[in-house]
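Read off the chains here:
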Amino acid sequence: MNPDADIIARLKRKLEREMAARAAAESLLERRSAELYEASEQLRVEARQVKHLSTAIDVSADGVAITDQAGVYTYMNPTHASMFGYAHPQDCIGLSWTTMYAQDTLRRFESDIFPQFQRNGYWRGEVTGIANDGSKVHQDLSLTALSDGGILCSTRDIGIIRRREAQREQLHEMLLDAERRDALGRMAKSVGHDFSNILTIINASAKLLADEMHTDLFDILVDRIMQSCRQANDLVLDLMNFDTAPERKMCSLSDLVRDVGDLNSNQFLATQGNEILITSEKLICETDPTLFSRMVFNLIKNAREAIEEDGEVCVSLELLEDDQAVTPDFKPSAFIERGQCNSFPAARLIVRDNGTGMSQKALDTAFIPFQSTKGSGRGIGLTTVDALLQGQPGRMRAYSRPGEGLVIVIDLPLQTAIAHKTDDAPRASNVSNARGALVVDDDEFHMELVTELLRKFGWDAVGFTNPLEALSVFKVAPSAFGLVMTDRRMPQMSGDELVQQMLQIEPDIPIILNSGALASPLPVGLAATLTKPVSEETLWATLDLIGRATPQAAQD
Amino acid sequence: MKGVVFRQFLDFAEREFGEALVDDLLNSTPLDSGGVYTSVGYYDHAEIIALVTALSNKTGHSARELLIKFGQNLFPTLISGHPQDGVAHAFDLIERIHGVIHRDVRKLYPDAEVPDIRPHQRKGTDELRITYDSARPMADLCEGMIMAALKHYNDGEDFEIRRTDSKHRYLYNADFHIIRRDGR
């Protein structure tokens, strides 16, 4: 074989091998390049996810920290740092986790927590840390073992939760106490009211006897009876004023509704809806915070008791710039309205439920003390609405349809509205000179006694035991009356309500509220008050004070 | 096994025995790759054993002799391509193999199967014991590279390499006891 040809053939084979190697290398490089691109894309996606997660951890409401194998913090989010009183997480990086706990807690870590942690790779529980300023940090702490020997710590400051729970507990206790006192007070008033009527009869009878029989011994005995009656009456007054004076002060209704809503939230079943919608506006109103809270509590409680297992209760508090109608989700077949709201802006509290609803009859009596349809579960506690509206301007409207639900709307003028209202010019005086006198008292004997005394003074007095009947007569001929005397506590309608309605019809009619229960707040627009039992002298003195001792005096 | 080793072996054979012999070697040895190697590719390590065996048959040199000599040739190429800053003694370099160098190799070539070369006793610059453990029977190549490393860093100094192969894993597992011959 030709040596040159042999060399050429060998070089040719070498060249072919080199070309094949080059092609293989290029192919490999292309493949690797593609793989590298895919890997870098994947890395970019993962880096983005890590960044999102990192941001989420940074802004998390829970504290998150990571330690290395030696227990030194390598990461801490701002919440964790802030929880322990550090302005910046960087201030904690490089610190040992042991700097954040007291010696006794560290002993607990050694003896109890770490053995469990090492066994399970996880531990969760409550511990108390020490903040930078030495204060205690009550934590709900989770520890998770990391593959590199470090620890992931997730923590939540439960001091706030504990304080919040304590506040709720306090509120709950306060409401329960108020309920108990209210029940006791109502019982005392009821007894006092009835006893007062008895005293009136004894007193009046003794007076009549004294007028008829004039022997010294008899006078002494009658005096003793009347003296005893006065003393008994003082006792009755004390009894009837039992702890009922509302404590009115400026309150944020938003805070009260939120607190009471929270308090009720754990009473609902998981399947029941419970929504609390509270405006971000601060709604300030002068009210009795305990009474208001009790009212909201009772309304929510009633609503909850009325719904089925899949029912819903929605409580909302909103700002009402002017009067607006309410549209229930159903067509109401029952409606009731109490009180007035003429001043705006006002706060509007709405409690809606899709429960059993109430009939007109049930609704009519649900808000009257001792008359509510107890047992049905809807009347109990609704008297707090009345109690609240007696003490401050406001309006309650209730819409219902049996089987569909109940919507209770309470509008309370805000402080700004009331201040504006009091700036209004006073009404022009237009006192009636009529001879007619209207006497209203559910106690027939007392009604007749006052009616007789007024007649004796020259008035054409007419008496009613039912305030609704009296009101209907007054509506027909308001100008026929120059004087009204009314009891305060009556089953069909309260004296306060009657006074308001009569003043709406005839703003200048002089009205005397005659009751054994004259605790504040009294209805606006009264001419005078007169405490039971009434005597000829006390009635004359009161009428004389307002220039109405007789119809003639009124005309003068 | 990394393609660079095959290419270096063929270059070494060409330098030592001529282009014609290497051509004959590649033509006559059955190889899956067909004797086509790229530095960045991976090839079955059985091919290097087949090539060493065939070269031994063709040249009359023992496989051990060829591999030691190849190791002595391979080391300068590798060290010139990957200079090790701060290393002043061969023992320092050998100690870096496990912790630093092989970690860097894996960075570049994640699939690389590097041998386990662990130092376990050192007395200054006089004595070093290391263990070679690999999935391939390349203890001779390792020995050649140790020799080259000693020469590269400690030219003029005389070291003795006492090698003890594992009874059951001959050529796969061996202890190297490197000791200064003059006893300084």
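What you see is a predicted model, and the numbers here were worked out from it, not measured in a lab. (Residues numbered from 1 in each chain as written. Chains lettered and ligands numbered in written order. Predicted model: local features only at pLDDT ≥ 70, side-chain atom pairs only at ≥ 80, totals over all residues. Heavy atoms only, no water.)

**As for the nonpolar core**
Ranked by internal contacts, the top residues of the largest apolar core, which has 50 residues, are Phe9(B), Ile146(B) and Ile178(B). With eight residues, the top contributor of residues to this core is helix H6 (residues 139-153) of chain B. Judged by nonpolar contacts, the second largest core, of 42 residues, contains Val260(A), Ala303(A), Ala334(A) and Ala347(A). (Core = buried A, V, L, I, M, F, W, Y, C linked by side-chain atoms within 4.5 Å. Buried < 20%, exposed > 50% of the residue type's maximum accessible area, 1.4 Å probe, protein only. Helix = DSSP H or I, 4+ residues; strand = E, 2+ residues; numbered from the N terminus.)

**Some remarks on the packing of aromatic side chains**
Within the structure shown, the criterion is met by 17 aromatic pairs over all chains. Each ring, one from Phe335(A) and one from Tyr399(A), has its centre 5.0 Å from the other, and the planes form 45 degrees; the classification is tilted. Of this pair, Phe335(A) sits in strand S10 (residues 334-340) while Tyr399(A) sits in strand S12 (residues 394-401); the two residues are 64 residues apart in sequence, bridging distant segments of the chain. Judged by its relative accessible area of 35%, Phe335(A) is partly exposed. One aromatic cluster is present, built from ring pairs that chain together Phe84(A), Trp97(A), Tyr101(A), Phe109(A), Phe114(A) and Phe117(A). Taking the ring centre of Tyr42(B) as reference, the NZ or CZ of Lys2(B) above it sits at 5.0 Å. (Phe/Tyr/Trp six-rings, centres within 6.5 Å; stacked < 30°, edge-to-face > 60°. Lys NZ or Arg CZ within 6 Å of the ring centre and 35° of its normal.)

**Topic: the environment of Ser39(B)**
Residues and elements named next belong to chain B. Inspection of the secondary structure puts serine 39 in the loop between helix H2 (19-28) and helix H3 (45-59). Of the residues examined, serine 39 reaches a relative accessible area of 34% and is grouped as partly exposed. Separated by 34 residues in the primary sequence, serine 39 and valine 5 have C-alpha atoms spaced 7.6 Å apart. With sequence-adjacent residues up to four places away left out, serine 39 is seen in contact with Lys2, Gly3, Val4 and Arg7. (Contact = heavy atoms within 4.5 Å.)

**Quick look at the interface of chain A and chain B**
Interfaces are often sized by the accessible area lost when the parts come together. With 12 residues of chain A in contact, the opposing surface of chain B contributes 16 residues. The contact between chain A and chain B buries some 1100 Å² in all, and 53% of this surface belongs to carbon and sulfur atoms. Considering only the side of chain A, the residues that lose the most area to chain B are Arg10(A), Lys14(A) and Arg17(A), jointly responsible for 45% of the buried surface there. At the boundary of chain A and chain B, one finds six salt bridges. Residue Glu14(B) pairs with Lys14(A) through a salt bridge whose shortest N-O separation is 2.8 Å. (Buried area = accessible area lost by both parts, 1.4 Å probe. Salt bridge = Lys/Arg side-chain N within 4 Å of Asp/Glu carboxyl O.)

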